[in-house]
Amino acid sequence: MGQHSPGPPGPQASRQPSSRQAALRGGVLGAGSESEEVGKSGPGSPPVGLLPCLDSACSCPGSLPVVPAPGGCKEGTGSAFTCPARVAQSDHGCAMRTALVYHEDMTAAQLLWEDPECEIERPERLTAALERLRQWGLEQRCLQLAAREASEAELGLVHSPEYVSLLRGTQTLSTRELQALSGQYDAVYFHPSTFHCARLAVGAALQLVDAVLTGAVHNGLALVRPPGHHSQRAAANGFCVFNNVAIAAKYAKQRHGLHRILIVDWDVHHGQGIQYIFEDDPSVLYFSWHRYEHGHFWPYLRESDADAVGQGQGRGFTVNLPWNQVGMGNADYVAAFLHVLLPVAFEFDPELVLISAGFDSAIGDPEGQMRATPECFSHLTQLLQVLAGGRVCAVLEGGYHLESLSQSVCMVVKALLGDPALPLSGPMEPHHSALESIQSVRAAQTPHWKSLRQQGSTPILNPSTYSLERRASPVSPGGPKFKAAEAQASAALSSLLDQLHLNPTLPVRTAVALTALDAALVLPADVLRQEGSAPQEETRAWARLHEALAQDKALTALGKVLHLLNGILDGQVSSGIAATPEPAAAPTLDVVIRRSLSHGARRLLCVAVGQLDRPADLADDGSPPPPLLWSGLWRANSSSPPACARSSPLTPRACSLFPGRRNLWLNIRGKEAAAPSMFQVSVPLPGTTGGFVSCVLALVLPLAYGFQPDLVLVALGPAHGLQAPQAALLASLLRGPAGGRVLVLLEQGSTSQLAGILARVLQGEAPPGLGPFSMASPEDTQALIYLRGQLEAEWKMLQVAAPRVPRPGSLKSARVGVFALQR
Ligand code: Q9C
Ligand code: ZN
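First, a word on what this report is: a plain description of the structure on this page. (Residues numbered from 1 in each chain as written. Chains lettered and ligands numbered in written order. Predicted model: local features only at pLDDT ≥ 70, side-chain atom pairs only at ≥ 80, totals over all residues. Heavy atoms only, no water.)

## Considering the overall build of the chain
Part 1: Looking only at helices and strands, the chain has 26 helices and 19 strands in total.
Part 2: By residue count, 63% of the 823 residues in the chain fall in the buried class. (Helix = DSSP H or I, 4+ residues; strand = E, 2+ residues; numbered from the N terminus. Buried < 20%, exposed > 50% of the residue type's maximum accessible area, 1.4 Å probe, protein only.)

Here you go:
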């Protein structure tokens, strides 16, 4: 968020240029500053695992890890190697934004004896994921870095010297000795190569942090094993030896001078190791969701529940979201992000996001038994990319269903690369039990976070109430239910493969069709500057609907808008930006709505900001009027029908009714909150950063994800009042619900700066920061609470608490609150 935010005190890039600039100046990986002991193998020598820069065209000062530049980037060919620092600094448009850190040696460790609990943590986890990344052409699009081993000093950031020595000693143990030692820990196995692998796993995470914090790349993924998040200061646990992500967080603080780091642990197990390490540390916010089942799931810890919030100075900086049932899916995960993690994360304002990226929370995994499909992980990643200026480092943790794991890894990498996410599949309705969990954690965290208080008070709920919902019960391997779950998983996974086949990533993601702004506009090289217009007769036919569209300027703009819209609807372009002269804004929007609904969009979401009225003849249920009026128009006035009528796949009869076609109209304007129908919502533009974030997370995105639109229109109309960073955040987050199909309509009076920022976020770049968090006004909070009350019965993604259900017998309800929030 750094570069564009104004300069209040705080540690983002612009506010604290020192760490980042010093890093590049001194060669962050070479010359140390305050922390001589970390990252150095000895005085005067480069850090362990680093090579001198081999890029002959590069003037980088230090030794950066270098790799052959794979095909694609044809510039700077004087050397077979491209320094990541130079790749990032050059602006020839083929800089790689995403690092992939890996080392084949990490496949060496394996189980040498019988142990049903540990056998799932296998070398194939890495090879399968990598294979898929190659197959989908994703590995080639990343900056590939070979993992280095972490130094003992780096391991010492988290682990005791005795523990590190013990691990060093395992390299020469016999199988029997390894087995005996393994038995001293819970769910752990050692192999003679474990120490080497575990050091590479840590080193990979550190290299990724270096690559991101030096600006060599925007983000990245480290594919590692053994995983890390269960490991503790002096104990291996749950397949984990060294705590890769915890060490990376300490390293980012010490080596790069960061002050606020967010760790998002979406693995299905509780990363109790990370929790213990940062329990009392307010500089690291740890969020974890995990299968808990009221304490009946591994690792069976009381401190995994929602009421564990951290200790001392760190109170509120541990956020636990326990899942009390298996079967949680896409809606539950997205709801957890929108209603728990993201409000807190925006208030925390991290400088770096580390993901403990376990995929045992995905469909098909025998450990998690959850149902989130792989594309969900694209959405989760995208949602995190609006934080910390997009500086996101994902590090693999668990994930034991090889196909589910591999596809999910690909989805994360696609999101990191900026590709639009596939639309989420399945019903967008969180489970009752998930809502109970969300309610519990919000209740437990409300004392610590203004962002939760400003969304209305949440009644306190005993974390251990049992819902009456028909429970999805865990299944044991081999049984008939297990087979059914397997079948469901493989169906979901192969349907995703089909979708990817049908919707390959478009070569041109964003097109910009502007008129007045063109001259001053600087666009990223991969954004198409669209010159064309829709055929004149089509444009004229549509223009006849509104007097304001008759003028030349309006007509020209309409032609460009329609051309852009056609490109999006036909799937040639993913998203676009167009401008309209002021008096034509509302009429143009009206035409765009009709055109979209008559040309393939089944559900169209309009987010209209400012003085724009909803087309009067849309029905209350959002369905458009029959297109007879237009038919009459073009029949009467032009020699051939508009393209919409010619190319429409609909039969004439179906066309006259648009069955199932809907418009959800969300207007951000005025002073009143209102919802005359579930397809027509109006909310005032909040006056503070906190209020704006709440409006987007608690209202706009739940509606958008619940509606599952084919296309999102974002229209900035007269007196919209949005600041550029707000518009960018809105556009960026609205890419998610519609598979990246977003059309932004601007007024011609808008600045080219605004158009430029929007073009970049539609390409997948992080939006600029909003500036310091300021609490929502009471009026803005009231508006939100009112609308949630009006709409949550129909738009289930708005819910932040489980609806009350009548309880048979009073004993159960009498337990509510008895031991709430006691640790
Ligand atoms: N059936 C990671 O995912 N076994 N570790 C639990 C419950 C231990 C998981 C047994 C699972 C450890 C990184
Ligand atoms: Zn796990």
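## Remarks on the pairing of strand E19 (residues 742–747)
Strand residues, when the strand is regular, have side chains that alternate between the two faces of the sheet.
Part 1: The buried count for E19 comes to 6 of 6 residues, which makes it a mostly enclosed element.
Part 2: The two faces of E19 match: Val742, Val744 and Leu746 on one face and Leu743, Leu745 and Glu747 on the other face are all buried.
Part 3: Across 5 bridges, strand E13 (residues 575–580) lies against E19 in parallel orientation. Its bridge partner being in E19, Ala578 is matched across the sheet by Leu745.
Part 4: When strand E18 (residues 711–716) meets E19, the two strands line up parallel, connected through 4 bridges. Bridge assignment links Val714 to a residue of E19, and that residue is Val744. (Pairing = 2+ DSSP bridges.)

## Notes on the pattern of salt bridges
Part 1: Going through the model one piece at a time under the given rule, you end up with 23 salt bridges.
Part 2: Among the ionic pairs, Glu121 bridges to Arg125, the shortest N-O distance being 2.7 Å. Assigned by exposure class, Glu121 and Arg125 land together as buried.
Part 3: The salt bridge involving Asp617 is made with Arg594; its shortest N-O contact spans 2.9 Å. Highlighted residues: Asp617 in the loop between strand E14 (603–609) and helix H19 (628–637) and Arg594 in helix H18 (residues 585–598), separated in sequence by 23 residues.
Part 4: A relative accessible area of 36% places Asp617 in the partly exposed class.
Part 5: You can call Arg594 buried: its relative accessible area is 9%.
Part 6: Each of Arg141, Lys414, Asp419 and Arg509 takes part in a single network of salt bridges with overlapping partners. (Salt bridge = Lys/Arg side-chain N within 4 Å of Asp/Glu carboxyl O.)

## Topic: the site of ligand 1
Part 1: Within the structure, ligand 1 sits among 14 residues, and Glu117, Gly238, His269, Asp360 and Tyr400 are positioned closest to it.
Part 2: His230 is positioned with one of its side-chain polar atoms (N or O) 3.3 Å from a nitrogen atom of ligand 1.
Part 3: Note that an oxygen atom of ligand 1 is positioned 2.6 Å from one of the side-chain N or O atoms of Tyr400.
Part 4: Starting from 410 Å² of accessible surface for ligand 1 in isolation, the protein chains cover 87%.
Part 5: The class makeup of the residues in the shell around ligand 1 is 5 nonpolar, 5 polar and 4 charged. (Near = heavy atom within 4 Å. Polar contact = N/O pair within 3.5 Å; in protein donor to acceptor, adjacent residues only side chain to side chain. Areas by Shrake-Rupley, 256 points an atom, 1.4 Å probe, with all protein chains shown as cover. Nonpolar A, V, L, I, M, F, W, Y, C, P; charged D, E, K, R; others polar.)

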